[in-house]
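The chain contents come next:
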Amino acid sequence: MTAQTCPRQHQRTTMEIASLEPSLYTVKAVFILDNDGNRLLSKYYDTELYPSMKEQKNFEKNVFNKTHKADNEIAFVEGMTIVYKCSIDLFFYVVGSAQENELMLMAVLNCLFESLGQILRKNVERRCLLDNMDGVFLVVDEIIDGGVILESDPQQVIQKVNYRADENPLSEQSVAQHITDKLAMTSNIMQSAKEQIKWSILK
Amino acid sequence: MIKKFDKKDEESGSGSNPFQHLEKSAVLQEARIFNETPINPRRCLHILTKIIYLLNQGEHFGTMEATEAFFAMTRLFQSNDQTLRRMCYLTIKEMANISEDVIIVTSSLTKDMTGKEDVYRGPAIRALCRITDTTMLQAIERYMKQAIVDKVPSVSSSALVSSLHMVKMSYDVVKRWVNEAQEAASSDNIMVQYHALGLLYHLRKNDRLAVSKMLNKFTKSGLKSPFAYCMLIRIASKLLEETEAGHDSPLFDFIESCLRNKHEMVVYEAASAIVHMPNCTARELAPAVSVLQLFCSSPKAALRYAAVRTLNKVAMKHPSAVTACNLDLENLITDSNRSIATLAITTLLKTGSESSVDRLMKQISSFVSEISDEFKVVVVQAISALCQKYPRKHSVMMNFLSNMLRDDGGFEYKRAIVDCIISIIEENPESKETGLAHLCEFIEDCEHTVLATKILHLLGKEGPRTPSPSKYIRFIFNRVVLESEAVRAAAVSALAKFGAQNDDLLPSVLVLMQRCMMDSDDEVRDRATFYMNVLQQKQKALNAAYIFNGENTHCAPSLNLRALVCVDISGPIQEVRLCLSVSSVPLANTPITEQKTEFAPVATSKLPEKPGPTRQDIYQEQLAAIPEFQGLGSLFKTSEAVQLTEAETEYVVRCVKHTFARHMVFQFDCTNTLNDQLLQKVMVQMEPSEAYEVLHYVPAANLPYSQPGSCYSLVRLPEDDPTAVSCTFSCTLKYLVKDCDPNTGEPDDDGYDDEYVLEDLEVTVADHIQKVLKPNFAAAWDEVGGDFEKEETFALASVRTLDEAVGNIISFLGMQPCERSDKVPENKNSHILFLAGVFRGGHDVLVRSRLALADGVTMQVTVRSSDETVVDIILASVG
């Protein structure tokens with residue numbers, strides 16, 4: 001639903017707060033990046049903000065560079081308020097205008113994170129997310145519609161999506177391969193956990 | 001196919017992305033299995049996911065291939081797999097803009113929307129509205145109305161949100177659903193409430209009364225949704241702002257009551273709304289500030305951020321209201337979220353005392369490199385404000401700013417720092433040398449041309465007046481060697497200024513200039529040659545006119561002097577002046593002002609060429625075409641038009657005053673607004689109050705209905721009494737009326753004389769003076785010299801502020817304020833205003849006006865000019 005435009009004007013690089021035009025269009029964009037800053041999913045709801053794919057990806061890179069070192073929950077980049085959260089090797093971002101109520105954006109982020117936590121059975125990491133990409137698309141679709149917060153209660157979202165993650169994403173897989181996968185996943189988790197610890201020490 | 005995909009996966013290792021090597025063509029190939037029977041939901045689901053993933057990554061789908069895939073996808077509606085169906089809805093939404101004929105799924109979606117499966121209904125509505133246009137919307141209008149009031153919350157919410165999206169496209173249709181939305185607003189479900197409120201507001205926002213009623217209703221009934229509360233607060237504060245209602249209004253009470261809501265989101269929204277209200281008193285702010293204070297110690301980073309950002313905003317206007325939070329803010333300055341820490345420190349800088357400045361600056365410098373540019377700009381702004389508040393702290397600030405200048409950062413950030421340093425230099429003369437030194441260091445490695453030229457200009461202006469100007473030469477000449485053309489050109493101009501003002505530096509500057517004359521860029525070479533020749537004359541007057549005040553280097557960097565260099569410049573001064581005049585450019589900020597006034601003594605009889613016709617040029621041409629006005633010389637000044645009638649009268653007359661060396665021409669632009677009259681032989685008879693003599697009237701022959709025409713009067717200025725610069729003329733419009741048929745415009749043969757009294761026309765001293773900007777006023781002041789200096793003191797009893805006095809003087813004398821002296825710094829009791837201009841006949845006039853504010857304003861005016869009479873005229877007119 002990217003063709004809907006949000007009537008609220010955004011102001012870049014200034015922190016000045018103009019009065020808010022009352023509107024339901026709260027979320028400017030939402031995106032999920034991996035720990036190299038690559039896009040796994042992203043939706044821009046305001047077509048005037050970063051109309052081209054190149055601008056979008058630049059913005060994501062910029063946001064990623066400013067946020068991946070410390071889990072600070074909130075940042076202000078290119079005139080946009082950004083709330084974020086990281087989990088193992090994933091970064092979740094919700095973007096709103098500089099004037100937006102930060103707590104509303106947080107509500108969206110929390111709902112997204114908890115809903116995904118449930119459908120992925122707490123394995124909120126890259127591989128698992130990619131294996132259940134269909135569920136992820138549906139969750140995002142249920143939480144935000146064209147920039148409007150559609151639902152903010154994770155229980156409701158889960159119920160509406162009614163999606164179950166597959167233990168064995170593809171039945172043709174051999175057992176051996178499955179085990180290698182799982183092992184790889186664990187080592188991956190370990191790796192990311194190490195990274196996390198390293199950063200928290202470096203902070 | 002799937003096997004292959006897995007294999008790839010395995011090869012690329014554990015952390016690989018199963019979608020990484022997707023190829024659009026392969027995926028579209030795979031999409032053919034959509035047509036197989038029976039449908040394999042699992043595989044189809046996987047392929048749909050891949051398609052959406054590709055779209056999401058920005059892969060471009062051609063209309064043909066998208067349409068093909070879309071049509072294949074429609075077959076999947078036959079399957080009853082829930083997730084597959086949901087993914088179909090998503091695909092429809094994603095492809096709505098790239099595929100053709102998406103409307104073919106309308107019936108399938110309408111079926112799902114009205115069907116029994118509640119899981120499908122909401123998403124189906126949203127997908128349907130995405131592909132619907134205004135005409136089709138009417139077909140589904142009935143279903144939409146039902147859906148809005150559906151008892152299943154997800155259906156109702158989906159319908160409301162989709163309606164909101166469609167308001168823009170089909171306002172008239174959606175408007176009819178207002179009653180349903182109203183009903184939905186009383187739903188128990190919190191999201192339905194919120195969405196209904198949003199839609200209702202959107203439909204009614206242009207009707208203030210309806211909005212006000214709606215607010216009234218909802219604020220009383222009490223909603224459950226915190227989102228809806230936030231929305232209500234925003235609507236209420238907008239309404240308050242629009243109606244300019246006082247803060248005793250029930251709307252304000254409502255917002256204030258939200259400060260006690262149990263949801264932090266609502267409390268914050270209310271506090272923020274109060275803070276952002278214009279004209280809020282400290283007492284009204286207090287409750288909002290105290291909730292924000294509580295939020296400062298919240299464990300949630302977002303809440304702390306929100307609170308401190310809002311407090312920062314309060315501190316800009318009401319620093320005292322925030323002092324109560326100082327302790328909480330102190331705790332935040334070490335916050336691990338640097339944005340919060342920065343905001344806390346900049347807030348404290350605004351509210352704290354002078355003694356805490358050093359400590360805070362030290363704290364902030366410890367992490368300034370970690371924060372984003374936006375926040376760095378906030379820091380610089382805070383410092384800038386601080387410098388004005390505590391001028392004594394400028395050394396600490398300067399040090400800090402220079403460190404920031406060395407860090408990496410974008411253009412906006414660097415510009416903020418440079419501006420800040422420049423303003424410190426301007427306000428604290430003792431900081432000038434350190435400031436210039438920092439800026440010199442900065443331009444050594446500066447990638448921003450605009451900043452480099454700006455700094456070079458400043459160096460040229462300020463550097464020569466410092467105790468040891470020689471140390472700047474190296475920095476400037478380095479630019480000539482290393483930088484781009486624009487910077488090199490600016491550097492050459494700056495060098496010239498050093499050479500012109502410091503005799504002992506002149507030989508070295510000339511050597512450097514010589515080298516610049518070899519530059520590869522035309523502009524740089526031309527400038528160097530020009531300055532070289534001017535400097536070699538070693539004449540103070542020339543230097544002042546053509547180096548300090550000749551042009552505005554950084555405003556007009558492309559000053560083209562090429563025409564000059566081919567002229568032999570070593571002739572007598574008069575000749576030099578003349579040929580220079582050819583290239584004179586209008587000043588960047590006063591387009592109508594011309595430099596020709598600078599050489600007026602020798603050039604009054606010759607018309608200089610000017611680039612591009614100005615308003616004055618056009619008049620000059622028009623006047624030259626009238627035989628009576630030949631031999632008046634060149635046009636000295638053209639005033640703005642003065643209205644001599646009310647706007648809505650039978651005849652509209654406005655006057656433009658043209659000043660020549662010894663005469664004035666009054667041009668009356670007349671419009672006849674009566675469609676049953678033709679005016680002929682129209683002229684304005686003038687009765688002067690002083691010794692002005694009306695020489696000629698040039699009437700307008702015909703003045704038909706609504707076609708403007710001009711008549712002129714030529715007046716000789718009194719020669720025996722040059723001080724008589726002001727005069728009042730009583731004016732009467734005289735004409736011959738011929739009645740005519742309003743439809744055909746055919747006039748009668750006979751007419752009768754008539755007249756019409758106009759308002760009086762004033763000629764003031766400003767009409768005799770042309771504005772000239774002297775970027776270096778001091779040099780101009782010395783150039784004119786003190787031969788005819790006079791000084792007098794006046795009391796302006798009726799003026800209450802310095803600003804007002806400055807404004808009055810400027811508009812009265814019609815002269816150009818220099819050295820930014822038209823801006824009076826705040827909280828000062830005295831001010832010096834510098835004005836420059838050229839008096840009719842070509843004499844430079846400079847006015848230095850010292851103003852002191854006591855009980856009323858006392859003004860000491862010093863006037864210098866190259867002609868004594870002019871000095872007397874100015875003083876006499878002021879008195």
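Per an unreviewed UniProt entry, the recorded name for chain B is Coatomer subunit gamma, and the organism is Oncorhynchus kisutch. Turning to chain B, the UniProt record has this under Sequence similarities (unreviewed entry): "Belongs to the COPG family." As stated in UniProt under Subunit (unreviewed entry), the record for chain B gives "Oligomeric complex."

Chain A appears in an unreviewed UniProt entry as Coatomer subunit zeta from Oncorhynchus kisutch. As stated in UniProt under Sequence similarities (unreviewed entry), the record for chain A gives "Belongs to the adaptor complexes small subunit family." Within the UniProt record for chain A, the comment given under Subunit (unreviewed entry) is "Oligomeric complex that consists of at least the alpha, beta, beta', gamma, delta, epsilon and zeta subunits."

Within chain B, the secondary structure is distributed over 39 helices and 17 strands. Of the contacts formed within chain B by residues at least 6 apart in sequence, a portion of 63% connects residues at least 24 apart. If you sum the accessible surface of chain B, you get close to 38000 Å²; carbon and sulfur atoms cover 49% of it.

For the rest of this paragraph, the subject is the nonpolar core. A:Leu116, B:Phe34, B:Leu109, B:Ile255, B:Ile383 and B:Met404 are the most contacted members of the largest nonpolar core, which totals 257 residues. Counting residues per element, this core draws most heavily on helix H2 (residues 102-119) of chain A, at 12 residues. Apart from residues lying up to four places away in sequence, B:Leu109 is in contact with B:Phe77, B:Tyr89, B:Ile92, B:Ala124, B:Ala127, B:Leu128 and B:Ile131.

Moving on: the interface of chain B and chain A. In many reports, interface size means the accessible area that the parts give up when they come together. The partner chain A presents 71 residues to the 73 residues of chain B that form the contact. Both sides together, the interface formed by chain B and chain A hides about 6600 Å², and carbon and sulfur atoms give 56% of it. Linking chain B to chain A there are 11 salt bridges. Applying the counting criterion to the chain B and chain A interface returns 26 residue pairs in polar contact (both at pLDDT 80 or more). By residue number, the principal contributor to the side of chain B that touches chain A is helix H18 (residues 301-317) of chain B, which donates eight residues.

It is worth spelling out the confidence of the model for chain B at this point. Residues and elements named next belong to chain B. On average, residues of chain B score 80 in pLDDT, and 89% of them reach the 70 mark or higher. For chain B, per-element mean pLDDT is lowest for helix H35 (residues 600-603), which scores 32, and highest for helix H9 (residues 153-167), which scores 93. For the stretch residues 1-14, pLDDT sits under 50, and the model shows 19 contacts to residues farther than four places along the chain or on other chains. At the level of chain-chain contacts, confidence expressed as ipTM amounts to 0.78, with global pTM at 0.63.

So, about the packing of aromatic side chains. With the rule as written, the count across this model stands at 23 aromatic pairs over all chains. Ring geometry for A:Tyr50 versus A:Phe59: centroids 4.4 Å apart, planes at 25°, classification stacked. Here A:Tyr50 falls in the buried class, since its relative accessible area comes to 4%. The exposure class assigned to A:Phe59 is buried, which follows from its relative accessible area of 0%. Ring centres of B:Tyr194 and B:Phe227 lie 5.3 Å apart, and the angle between their planes is 35°; this geometry places the pair in the tilted category. With B:Tyr194 in helix H12 (residues 190-204) and B:Phe227 in helix H14 (residues 226-243), the pair connects residues that are 33 residues apart, well separated along the chain. Each member of the pair B:Tyr194 and B:Phe227 is classed as buried. Put simply, the rings of A:Phe31, A:Tyr44, A:Tyr50, A:Phe59, A:Phe64, A:Tyr84, A:Phe91 and A:Tyr93 pair up and form one aromatic cluster.

Residue and element names in this part refer to chain B. Residue Pro 38 is bonded to the preceding Thr 37 through a cis peptide linkage, with omega at -5°. Residue placement: Pro 38 occurs in the loop between helix H2 (24-30) and helix H3 (41-56). Look at Asp 101: it is not a glycine, yet its phi comes out positive at around 55°. The phi angle at Ser 706 is positive, at roughly 60°, despite the residue not being glycine.

This next bit is on the pairing of strand S9 (residues 727-739) of chain B. All names here are of chain B. Bridge count between strand S5 (residues 677-688) and S9: 10 bridges; the pairing is antiparallel. From the neighbouring strand, Gln 685 faces S9, where its bridge partner is Thr 732. In this sheet, strand S11 (residues 761-763) lies alongside S9 in antiparallel orientation, the contact comprising three bridges. Its bridge partner lying in S11, Phe 729 is registered against Leu 761. Looking at chain direction, S9 and strand S10 (residues 752-757) are connected through six bridges and run antiparallel.

All names here are of chain B. As for its position among the elements, Arg 840 is in the loop between strand S15 (830-839) and strand S16 (843-854). Within polar-contact distance, the side chain of Arg 840 engages the backbone oxygen of Ala 661 at 2.8 Å. If near-sequence neighbours (up to four positions away) are discounted, Arg 840 is found in contact with Phe 636, Thr 659, Phe 660, Ala 661, Arg 662, Leu 717 and His 768.

Take the pattern of salt bridges next. Within the structure shown, the criterion is met by 44 salt bridges over all chains. Its salt-bridge partner being A:Asp145, residue B:Arg126 comes within 2.8 Å of it at the nearest N-O pair. Note that B:Arg126 is positioned in helix H7 (residues 118-131) and A:Asp145 in strand S6 (residues 144-145), a pairing that runs across two chains. Here B:Glu693 makes a salt bridge to B:Arg716, at a shortest N to O gap of 2.7 Å. Here the residue B:Glu693 occupies a position in strand S6 (residues 693-698), and B:Arg716 occupies one in strand S8 (residues 709-716), the gap between them amounting to 23 residues.

The relative placement of two packed helices comes down to the angle between their axes together with the axis-to-axis distance. All names here are of chain B. Two elements in contact, helix H26 (residues 432-444) and helix H27 (residues 449-462), have axes whose closest approach is 10 Å; the angle formed by their N-to-C orientations is 145°. Classified by chirality, the crossing of H27 by H26 is left-handed. Residue-level contacts link Lys 432, Leu 436, Leu 439, Cys 440, Phe 442 and Ile 443 of H26 to Leu 451, Ala 452, Ile 455, Leu 456, Leu 458, Leu 459 and Glu 462 of H27. Residue composition of the contact of H26 with H27, grouped by class: 11 nonpolar, no polar and two charged.

This part covers the environment of A:Leu24. With respect to the helices, strands and loops of the structure, A:Leu24 is situated in the segment before strand S1 (29-34). Apart from the residues within four sequence positions on either side, A:Leu24 is in contact with A:Gly147, A:Val148, A:Ile149, B:Leu164, B:Tyr194, B:His195, B:Gly198 and B:Met231.

On to H12(B), then. Its 15 residues place the ends of H12(B) 21 Å apart at the C-alpha level, agreeing with the 21 Å of an ideal helix rising 1.5 Å per residue. The opening residue of H12(B) is B:Asn189, an N-cap whose side-chain oxygen sits 2.8 Å from the backbone nitrogen of B:Met191.

Glancing now at the sheet that holds S1(A). Residues and elements named next belong to chain A. Strands sit in the order S2-S1-S5-S4-S3 across an open sheet of five strands; the sheet is antiparallel. With partners counted over all chains shown, the strands left at the sheet margins are strand S2 (39-44) and strand S3 (74-77), one partner each. Mean inter-strand twist for the sheet, computed between neighbouring axes without regard to direction, equals 20°. Relative to strand S4 (residues 80-87), H2 is tilted by about 25°, and along the sheet it contacts S1, S3, S4 and strand S5 (90-97).

What follows concerns a negative patch on the surface. Residue and element names in this part refer to chain B. Taken together, Asp 676, Asp 739, Asp 741, Glu 746, Asp 748, Asp 749 and Asp 750 make up a surface patch of like negative charges. Tracing the sequence through the fold places Glu 746 in the loop between S9 and S10. The exposure class of Glu 746 is exposed, given its relative accessible area of 54%.

The rules behind these values
- Residues numbered from 1 in each chain as written.
- Chains lettered and ligands numbered in written order.
- Predicted model: local features only at pLDDT ≥ 70, side-chain atom pairs only at ≥ 80, totals over all residues.
- Heavy atoms only, no water.
- UniProt positions renumbered as here; feature names shortened; annotations may be inferred.
- Helix = DSSP H or I, 4+ residues; strand = E, 2+ residues; numbered from the N terminus.
- Contact = heavy atoms within 4.5 Å.
- Areas by Shrake-Rupley, 256 points an atom, 1.4 Å probe, with all protein chains shown as cover.
- Core = buried A, V, L, I, M, F, W, Y, C linked by side-chain atoms within 4.5 Å.
- Buried < 20%, exposed > 50% of the residue type's maximum accessible area, 1.4 Å probe, protein only.
- Buried area = accessible area lost by both parts, 1.4 Å probe.
- Salt bridge = Lys/Arg side-chain N within 4 Å of Asp/Glu carboxyl O.
- Polar contact = N/O pair within 3.5 Å; in protein donor to acceptor, adjacent residues only side chain to side chain.
- pLDDT = per-residue confidence, 0-100.
- Phe/Tyr/Trp six-rings, centres within 6.5 Å; stacked < 30°, edge-to-face > 60°.
- Pairing = 2+ DSSP bridges.
- Axes fitted to C-alpha atoms, helices over the stretch in contact; angles between N-to-C directions.
- Left-handed = near helix turned anticlockwise from the far one by under 90°.
- Nonpolar A, V, L, I, M, F, W, Y, C, P; charged D, E, K, R; others polar.
- Expected span 1.5 Å × (residues − 1).
- Patch = residues over 30% accessible without salt bridge, like charges linked within 9 Å, V, L, I, M, F, W, Y side chains within 5 Å.
- Lys, Arg positive; Asp, Glu negative; His and termini not counted.
- Charge placed at Lys NZ, Arg CZ, Asp CG, Glu CD.

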